[in-house]
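Examining the three-dimensional arrangement
Listed below are the residues making up each chain.
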Amino acid sequence: MRAHTDGQISYSGLSARSAKRLMTKQFREAQVSFPEEDAMELILAATGMSRTDLTLDGQALLEPEDANKLSNFEAQRLSGEPIDSILGWREFYGRRFKVTKDVLSPRADTELLVQCGLKALSEKMVPTCLDLGTGSGAILISILSECKDATGLGVDISEDALSIARKNARDLGVINRAGFIRSEWYGSVMGKYDLIVSNPPYITDKAMKELEPEVIQYDPDISLRGGPDGLEAYRAILSESATYLKPGGYIWVEIGYDQAEAVHSLFVQNDFVDIDVRKDLSGQNRCVGGKNLS
Ligand SMILES: C[S@@+](CC[C@H](N)C(=O)[O-])C[C@H]1O[C@@H](n2cnc3c(N)ncnc32)[C@H](O)[C@@H]1O
């Protein structure tokens, strides 16, 4: 064991490749869920290397500063801090989004919602998009980045989240086509949109008690809690959506793996047509969408 006097592992004098092996071993012993992937992420972030650099040039010795960073990163991860929180960013739909304790880290599963939204906009001339509960802005910003003619509005109940979303929109070059306002769902929203997207809070009160400690500690409660049956936000969003959708406009929402039937019924009750449920890559029902006729 290579230990500093403060008990942290020292990575000085090691190559990046050996550091990755050592860190993976540490994480495995500590039962970190994805030991090798996490070690890889932290080594790439500390050294600025790409995956290819690490494969081709991984035998070069670490700079002392990078070795220090690695020791600190490792201590943070071993104390239960998630990778996104350690690094301050998360990759989503091929782009890097700043994340903090004030926003939910966008999940890979949510990329399906972006795909559904983009398909819905594909036939519109100058598409407009409303993202309810925008958080880091990941969904809206990805849609605007992929669809260069589109403009959009992201709303959230949290001002702190909106500051992060605005920064991400600036950094990713879409701020001239994106607005961000504080609103409780449609409360301060004006106008009509071709597309509404939302990944609202959908965890039931019962499931909240069973969440991983990392999620409870590092993701904001307001981004998770969906009420007793997890459906409160869907009811609020779907019951008023017709007022904010153009005729022929679509709404797509992300759902929990066991909510397809209940959310599908809400779409039926609210007179949507062409209702569709889409599965994610692991085969779970993940998004429900429908078209507004009125
Ligand atoms: C599950 S997070 C989704 C964040 C982001 N869209 C994503 O997919 O990564 C839900 C978001 O809804 C916001 N939110 C919760 N209740 C809200 C409300 N009543 N009105 C507007 N936004 C709300 C939370 O602040 C949070 O940012």
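Because the structure is predicted, anything quoted here is derived from the model rather than measured.

1. Thoughts on the sheet that holds strand S6 (residues 193–198)
Consider a sheet: its strands pair through backbone hydrogen bonds, and that pairing is either parallel or antiparallel. Spatial strand order, S5-S4-S3-S6-S7-S9-S8: seven strands in an open sheet with mixed pairing. The open sheet is flanked by strand S5 (178–182) and strand S8 (273–279), the only strands paired with a single partner. In this sheet, adjacent strand axes meet at a mean angle of 15° when their direction is disregarded. In terms of strand pairing, strand S3 (residues 128–132) meets S6 through four bridges, oriented parallel.

2. Let's talk about the domain arrangement of the chain
For the chain, the assigned domains read domain 1 (16–79) and domain 2 (102–291). Its C-alpha centre places domain 1 at a distance of 34 Å from the equivalent point of domain 2.

3. What about the site of the ligand?
Around the ligand sit 17 residues in total, of which Gly 133, Asp 156, Trp 185, Asn 199 and Ser 223 are the nearest. In the environment of the ligand, a nitrogen atom lies 2.9 Å from a nitrogen or oxygen atom belonging to the backbone of Trp 185. Taken by itself the ligand offers 590 Å² of open surface, and the protein chains cover 94% of this. Here the residues of the shell around the ligand sort into eight nonpolar, seven polar and two charged.

4. Section: the pairing of S8
Relative to strand S9 (residues 285–291), S8 runs antiparallel, the two sharing five bridges. Within S9, the residue paired with Val 273 across the bridge is Lys 291.

5. Things to note about the pairing of S9
Of all seven residues making up S9, five are buried, and the element is well covered by its neighbours. Examined bridge by bridge, strand S7 (residues 245–254) and S9 share five bridges and lie antiparallel to one another. Note on S9: the bridge partner recorded for Trp 252 is Gly 289. In textbook terms, the turn of a hairpin is the stretch between consecutive antiparallel strands, and for S8 and S9 this stretch comprises five residues, one of which, Gly 283, has a positive phi near 85°.

6. As for helix H1 (residues 16–29)
Its 14 residues place the ends of H1 20 Å apart at the C-alpha level, agreeing with the 20 Å of an ideal helix rising 1.5 Å per residue. For H1, the full list of buried residues reads Ala 16, Ala 19, Lys 20, Leu 22, Met 23, Thr 24, Gln 26 and Phe 27. Check the buried side of H1 and you find it contacts helix H2 (35–47), helix H3 (51–57) and helix H4 (64–78). One or two residues past the end of H1 sits Gln 31, with phi positive at roughly 60°.

7. Quick look at the side chain of Ser 105
Structurally, the position occupied by Ser 105 is in the loop between strand S2 (95–98) and helix H6 (111–121). Of the polar contacts made by the side chain of Ser 105, one reaches the side chain of Asp 84; its length is 2.6 Å. With residues near it in sequence (within four places) discarded, Ser 105 still touches Asp 84, Arg 90, Val 99 and Asp 219.

8. Concerning unusual backbone geometry
Positive phi outside glycine occurs at Tyr 93, with the angle close to 50°. Counting through the fold element by element, Tyr 93 comes out in the loop between strand S1 (89–92) and S2. In this structure, Trp 185 takes a positive phi of about 45° despite not being glycine. Inspection of the secondary structure puts Trp 185 in the loop between S5 and S6. For Trp 185, a relative accessible area of 23% corresponds to the partly exposed category.

9. Quick notes on the state of the cysteines
Taken as a whole, this structure holds zero disulfides when the rule is applied. As a non-bridged cysteine, Cys 116 has Cys 287 as the owner of its nearest cysteine sulfur, 4.5 Å distant. Judged by its relative accessible area of 3%, Cys 116 falls in the buried class. Cysteine Cys 129 remains unbridged, with the sulfur of Cys 147 as its closest cysteine sulfur at 9.0 Å. Looking at Cys 129, the relative accessible area reads 0%, which means it is buried.

Scoring rules and cut-offs
Residues numbered from 1 in each chain as written. Predicted model: local features only at pLDDT ≥ 70, side-chain atom pairs only at ≥ 80, totals over all residues. Heavy atoms only, no water. Pairing = 2+ DSSP bridges. Helix = DSSP H or I, 4+ residues; strand = E, 2+ residues; numbered from the N terminus. Axes fitted to C-alpha atoms, helices over the stretch in contact; angles between N-to-C directions. Domains from an automatic or database assignment. Near = heavy atom within 4 Å. Polar contact = N/O pair within 3.5 Å; in protein donor to acceptor, adjacent residues only side chain to side chain. Areas by Shrake-Rupley, 256 points an atom, 1.4 Å probe, with all protein chains shown as cover. Nonpolar A, V, L, I, M, F, W, Y, C, P; charged D, E, K, R; others polar. Buried < 20%, exposed > 50% of the residue type's maximum accessible area, 1.4 Å probe, protein only. Expected span 1.5 Å × (residues − 1). Contact = heavy atoms within 4.5 Å. Disulfide = S-S within 2.5 Å.

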